[in-house]
2 protein chains.
Amino acid sequence: MAEATIRDVARRAEVSVASVSRALNGLDNVRAETREKVIKAANELGYVPHAGARSLSLARAHAIGVVLPDLHGEFFSECVRGMDKEASRRGYLLLLSNMHDDSDQAAVALRAMRGRVDGLLVMAPHIAPETLEHAIPPALPSVMLNSHADLPGRPALRFDNRAGAEAMVDHLVANGYRHIVHIAGPEGNLDAAQRADGYLAACARHALPARILPGDFNEEAGEAAAREILASSTPTDAVFAANDMMAIGCLHALRSAGTQVPEQIAVAGFDDVPLARYLSLSTIRVNIAEMGARAVARLIDLLEGKDLTRASETLPPELVTRATTAPRTAHPNGAAHA
Amino acid sequence: MAEATIRDVARRAEVSVASVSRALNGLDNVRAETREKVIKAANELGYVPHAGARSLSLARAHAIGVVLPDLHGEFFSECVRGMDKEASRRGYLLLLSNMHDDSDQAAVALRAMRGRVDGLLVMAPHIAPETLEHAIPPALPSVMLNSHADLPGRPALRFDNRAGAEAMVDHLVANGYRHIVHIAGPEGNLDAAQRADGYLAACARHALPARILPGDFNEEAGEAAAREILASSTPTDAVFAANDMMAIGCLHALRSAGTQVPEQIAVAGFDDVPLARYLSLSTIRVNIAEMGARAVARLIDLLEGKDLTRASETLPPELVTRATTAPRTAHPNGAAHA
DNA sequence: TTGTAGGCGTTATCAA
DNA sequence: TTGATAACGCCTACAA
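Residues numbered from 1 in each chain as written. Chains lettered and ligands numbered in written order. Predicted model: local features only at pLDDT ≥ 70, side-chain atom pairs only at ≥ 80, totals over all residues. Heavy atoms only, no water.

Looking at an unreviewed UniProt entry, chain A carries the name LacI family transcriptional regulator, with the source organism given as Sphingomonas kyeonggiensis.

The following block contains the structure:
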């Protein structure tokens, strides 16, 4: 049995489709008696309006397209959770599409959204601005998350990666560390670049030597960096990785090699994934759920014409200090344990 | 500037809209020359078909509604990742909707899908079958994930929680543990109930005493259970929690209290969240991504009429043994360390 | 091979 | 207050 349409309801209530539409949408130019007849008929038939037809007629889908890169674990789920919360609160549905590293595929994903969503939320820290600008349908309002330089007409939300990195270096310095190595994120990734910048700036400010090891945001890169550090003759008393996973890999590798953390080498990460808490890893907390929620709010405001502040927004990071960066002076002879 | 429509393309290519439709959809009754003209015009205008209109006329949205409960972290993201992979491979988009514990809200979420999706993927281990059956639009093909008893006409995919739990108890017994306590999941949750069943069955099979402590899948419940175990006079040499988070809470609480794991008390969980690996927690691996992917495949087969096997499917669990359940005989004097 | 026209389910305009 | 009817953008008989 096919679903009931508005015409079925009209027939059963013995009114016109126009009246059904008006009654069900709560317009006031309907006699109370008529409205009741309509509602009764609709209930009896289990009528649910066809959202596709509705959006065609209204030119409004009440849906938001979400295009995310290959995020991992908590990061992905927290982001979507934040978005979903705000979206469902305001009566919007989320249409999901993963954009893998391939930018052709990204374009396909974006086109598929045409005619199903009112706006787009795009997170693409790995795609060049021109490519991105080219791929997003020009007529679709959209909010960029954590992406490269601002695109004309599209507000952007991002974390202050730079300030976060600086805060971590400041913290390490305050705790007595002087030879801080940075493990970088992947080439071309905006977050990674900004974190490295912050690290360099803070080192310069403190007149400390800077040393950057390559990385790719994966645990293995952290392990490799640890080996590099242990093998190298350059003195190192702290490692600041561009994300938690690399910090965790580094932490494991250091400890496996018999190095005391933080007594001999301190370790810090970035993101505050749940694992960080368990491993007592100092890090920079990134409230991704809030970013998701804000992005949705921003987009819906844009769609409904109540966008007051056109400017892009930068969310402040939060320093989370734990055991892996404990003050150096508290462990003057840490190495003796080795 | 509004998006170009098929009419704009037709005008520019100097053909009828019908020819544009035919040319763009790859029908063969179009002259090559005409097709070229159309494609050229479409490219020049940046034409992208309006999916809403398309689905209205085709009665096919090429989208799948996904209704999930409040899943956490990795669990949620892996599930969606698996679904997205298979869906995008087959040209479908995912429409997401979180169904919180409230079953009214669930009904609303489900109705909102009408007319935007071709089918539904529903995971609702916490909602009673009748409620669920009532809430799902009868005309919408759907696949149930990890839900209560089969609903007529809707295939179900689920993990063999029972077999998983039995496998873990068998493993504990094989490793020399005899007083195994189970920390249960929330009341009314299907996964929780099946895991408890498996635990009880295995205990009975081994003629071992069974003892179940209440829990709710959260870390704190594991901590509370640990306190209970330590305070109680009932001998206990192993704890098997209904999920990893409770096992982790229990593990921490035991160790904080100076109890050696596994020397004095072994600990096991269920799910194999990423944290489990880091904490060397033995557990039952649940390949949620594959379940998501299979569910999508199943649903699309159903939609496209090539559903061969109507029966429900049960996915086998995998035992992952790690340090927290190491053989008892290997640590005869573990307690001496305390 | 092409074009005309009707329909998908809904809302909105305009008379009545 | 109500009802007929024309959109919305697309696909697809049916005719030419």
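Further notes follow.
Each side of the interface is counted separately: chain B has 47 residues, and chain A has 47 residues. When the area that chain B buries against chain A is broken down by residue, the three leading residues are Leu93, Arg114 and Tyr278 of chain B, summing to 19%. If you look at where chain B meets chain A, you find six salt bridges. A salt bridge links arginine 114 of chain A to glutamate 3 of chain B; the nearest nitrogen and oxygen atoms lie 3.9 Å apart. Residue assignment for the side of chain B that touches chain A shows that the elements contributing at least two residues are α4 (51-58), α5 (73-89), β2 (93-98), α11 (244-256) and α12 (274-278) of chain B. Where strand β2 (residues 93-98) of chain A lies against β2 of chain B, three bridges are found, and the strand directions are antiparallel. Across the sheet, residue leucine 94 of chain A finds its bridge partner in β2 of chain B, namely leucine 96 of chain B. (Contact = heavy atoms within 4.5 Å. Buried area = accessible area lost by both parts, 1.4 Å probe. Salt bridge = Lys/Arg side-chain N within 4 Å of Asp/Glu carboxyl O. Helix = DSSP H or I, 4+ residues; strand = E, 2+ residues; numbered from the N terminus. Pairing = 2+ DSSP bridges.)

Turning our eyes to something else, we now look at the protein's contact with DNA strand D. Lining the immediate environment of DNA strand D, one finds 24 residues, of which Thr34 of chain A together with Ile6, Tyr47, Arg54 and Ser57 of chain B sit closest. Counting only the atoms of DNA strand D that lie within 4 Å of the protein, the sugar and phosphate share comes to 70%. Serine 16 of chain A is positioned with one of its backbone polar atoms (N or O) 2.9 Å from a phosphate oxygen of DNA strand D. Elements supplying a minimum of two residues to the surface near DNA strand D: α2 (17-24) and α4 (51-58) of chain A together with α1 (6-13), α2 (17-24) and α4 of chain B. Each residue belonging to the surface near DNA strand D can be placed in one class, and the counts come to 10 nonpolar, 10 polar and four charged. (Near = heavy atom within 4 Å. Polar contact = N/O pair within 3.5 Å; in protein donor to acceptor, adjacent residues only side chain to side chain. Nonpolar A, V, L, I, M, F, W, Y, C, P; charged D, E, K, R; others polar.)

Turning next to the protein's contact with DNA strand C. Taken together, 25 residues are adjacent to DNA strand C, and Ile6, Tyr47, Arg54 and Ser57 of chain A together with Thr34 of chain B come closest. The sugar-phosphate backbone supplies 63% of the atoms of DNA strand C found within 4 Å of the protein. Within the side chain of serine 19 of chain B, one N or O atom sits 3.0 Å away from a phosphate oxygen of DNA strand C. A distance of 2.8 Å separates a base nitrogen of DNA strand C from a polar atom in the side chain of arginine 22 of chain B. Mapped by element, the contributors of at least two residues to the surface near DNA strand C are α1 (6-13), α2 and α4 of chain A together with α2 and α4 of chain B. Top element by residues in the surface near DNA strand C is α4 of chain A. It accounts for four residues.

A few words now on the pattern of salt bridges. Residue and element names in this part refer to chain A. Here the structure, examined in full by the defined rule, presents 50 salt bridges over all chains. In this structure, arginine 90 engages glutamate 86 in a salt bridge whose closest nitrogen and oxygen atoms are separated by 3.6 Å. What emerges from the salt-bridge pattern is a single network uniting Glu86, Arg89, Arg90, Asp301, Glu304 and Lys306.

Once that is clear, we can look at the packing of aromatic side chains. All names here are of chain A. Evaluated as defined, the whole model comprises three aromatic pairs over all chains. With a centroid separation of 6.5 Å and an interplanar angle of 20°, the aromatic rings of phenylalanine 240 and phenylalanine 270 are classed as stacked. One end of the pair, phenylalanine 240, is in strand β8 (residues 238-241); the other, phenylalanine 270, is in the loop between β9 (266-268) and α12 (274-278), and 30 residues separate them in sequence. Overall, phenylalanine 270 belongs to the buried group, its relative accessible area being 1%. (Phe/Tyr/Trp six-rings, centres within 6.5 Å; stacked < 30°, edge-to-face > 60°. Buried < 20%, exposed > 50% of the residue type's maximum accessible area, 1.4 Å probe, protein only.)

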